[in-house]
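# Remarks on the overall topology
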Amino acid sequence: MKKTVLVSGGAGFIGSHVTVELIGAGYDVVVADNFSNCDRTCYEGVKKITGRQDLPLEVMDFCDAAAVKALFGKYKIDAVIHFAAFKAVGESVEKPLMYYKNNLMSFLNVLETAQEKGCNVLFSSSATVYGEPDAVPVTEATPRKPATSPYGNTKTMCEDILRDAVKASNGKLKGILLRYFNPIGAHPSALIGELPRGVPNNLVPFITQTAIGKRECLNIFGNDYPTPDGTCQRDFIDIVDLARAHVYAVTRMIEGKMLEPCEVFNVGTGRPLSVMELVNAFEKVNGVKVPHKFAPRRAGDITAIWADPTKANTQMGWKATRTIEETLKAAWAWECHLAGK
Ligand code: UFG
C-alpha cells in the first residue's frame, strides 16, 4: 500500500522540490502551507511536473494545534517532513519573539500529534547549528556552536526538542534531522524554484535577479576573509539533490532501517566553493554578466563551511550528483521563466 507523507511548508522552495521527488518515488503527499512566505506558483508547478492535478493541499497554520490534530485525523500519515518556519536571519534578530513563537510552536504541535499517532518526523535543520566551525569540513559529530541569530537558535532548539521527545517516547516516535548546507538552483523543468519576497537575502537569487536586470549590482560581502580568494566559502548543494535526500530519509524511517531512533545527517556535497567562484561559474555557464562589486563583510557571516557528507553517502546511500554548472543553469532558467523569457 502506498505510504503518505505530510509536507508542512510544502509550497515553499525546498518543500515543493521535496514533494516532486516524493511523488516520483511513489509516495502520496499531502501539502500543507499557510502561504505566509510564498504564493501558489510552486504548488501549481508541482502539479504540472508530476501530473497530479489532485495533489492534496491544506491551507493551514501549524501554530494552530486544533488544525494540526484535525489534519492528522483527516489523512493516515506515515511520516511528516516539517519545513513550515520563518527563515530570514536578519528579520529574526529584529523580531525574535515572532520567530520563537512561530518556529517552536508549529514544531511542538507537529511533534505532539505525530507522537500520538506513532508517525515518523523529519526535521529540516541547518548547517547554521555548527556556527563558525573550528575545522572544515564538518561531520555530524562536529560540536554545535551557540547560534548567532534567533533563527539559528530555533534550529538548534528544535533539534534538541526532537531528540528529547524521541528519547522519552519508548520507540513510539522516530526522527531524522537533516542539516542542509546552502541549497540553490531550481527544478530542471524551470516550473518551480526560489521565489524570494522583496530584496533577496541569499546569494543565488540575488545573482539571477542582477543578471536579468532586476537589480543593478551584486554586493559581494567581504573579500578579506582568510580564504584562497578572500571571499567566503560555502557548500552549495543543488535543490534537487537535496530534495532526493528526503526520499532516502523518509524511506529509511518508514522501512524501519534506522540505526538509531533519532538520526542526524549532513546534506551537502563536500565541495567548497567561494562566493567569487560561484559568480564566475554563473557568468561562464550562462553566458551572462553579473555586475558586482566588493562591499564590507555582512554581520554574522561564517568564513568557510562545507560538509563531510560521508555519513549520508554510506548509511543512507544518498549522494549529491548534479554539477555546479547544471545547478547554475537551472537557477538561470528559472529566473528567465519568471521573467517570461
Ligand atoms: N552573499 C553576498 N552577497 C549577497 C548575498 C550573499 O556576497 O547579496 C554572500 C554571503 O556573504 C555569504 C554567501 O554569499 O558569504 C552565502 O550567503 P547566503 O545568504 O546565500 O547563505 P548563508 O550561508 O549566509 O546562509 C545559509 C542559509 C541560512 C542559514 C545560514 C547559516 O541560507 O538559512 O546558511 O549558515 F541560516
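Structure: see above.
Keep in mind that this is a model prediction, so the values were computed, not measured. (Residues numbered from 1 in each chain as written. Predicted model: local features only at pLDDT ≥ 70, side-chain atom pairs only at ≥ 80, totals over all residues. Heavy atoms only, no water.)

Next up on the list: the site of the ligand. Leu-203, Asn-219, Arg-234, Arg-298 and Asp-301 are the nearest of the 18 residues found near the ligand. Between an oxygen atom of the ligand and a main-chain N or O atom of Phe-221, the distance comes to 2.9 Å. The separation between an oxygen atom of the ligand and a polar side-chain atom of Arg-298 is 2.9 Å. Taken by itself the ligand offers 680 Å² of open surface, and the protein chains cover 88% of this. Looking at the shell around the ligand, the elements with two or more residues in it are α7 (203-211) and β8 (218-221). Classifying every residue of the shell around the ligand by side-chain character gives nine nonpolar, six polar and three charged. (Near = heavy atom within 4 Å. Polar contact = N/O pair within 3.5 Å; in protein donor to acceptor, adjacent residues only side chain to side chain. Areas by Shrake-Rupley, 256 points an atom, 1.4 Å probe, with all protein chains shown as cover. Helix = DSSP H or I, 4+ residues; strand = E, 2+ residues; numbered from the N terminus. Nonpolar A, V, L, I, M, F, W, Y, C, P; charged D, E, K, R; others polar.)

Scanning all chains against the criterion turns up one cavity of 30 Å³ or more. If you add up the space inside the largest cavity, you get close to 30 Å³. What lines the largest cavity is Ala-85, Asn-103, Phe-123, Thr-154, Lys-155 and Cys-158. Here the element with the most residues in the lining of the largest cavity is helix α6 (residues 150-168); it accounts for three residues. A class-by-class count of the residues in the lining of the largest cavity yields three nonpolar, two polar and one charged. (1 Å grid on protein atoms, 1.4 Å probe; cavity = no way out; pocket = protein on both sides within 12 Å on 5 of 7 lines; lining within 4 Å. Points joined across faces, edges and corners; volume = space filled by probe spheres on them.)

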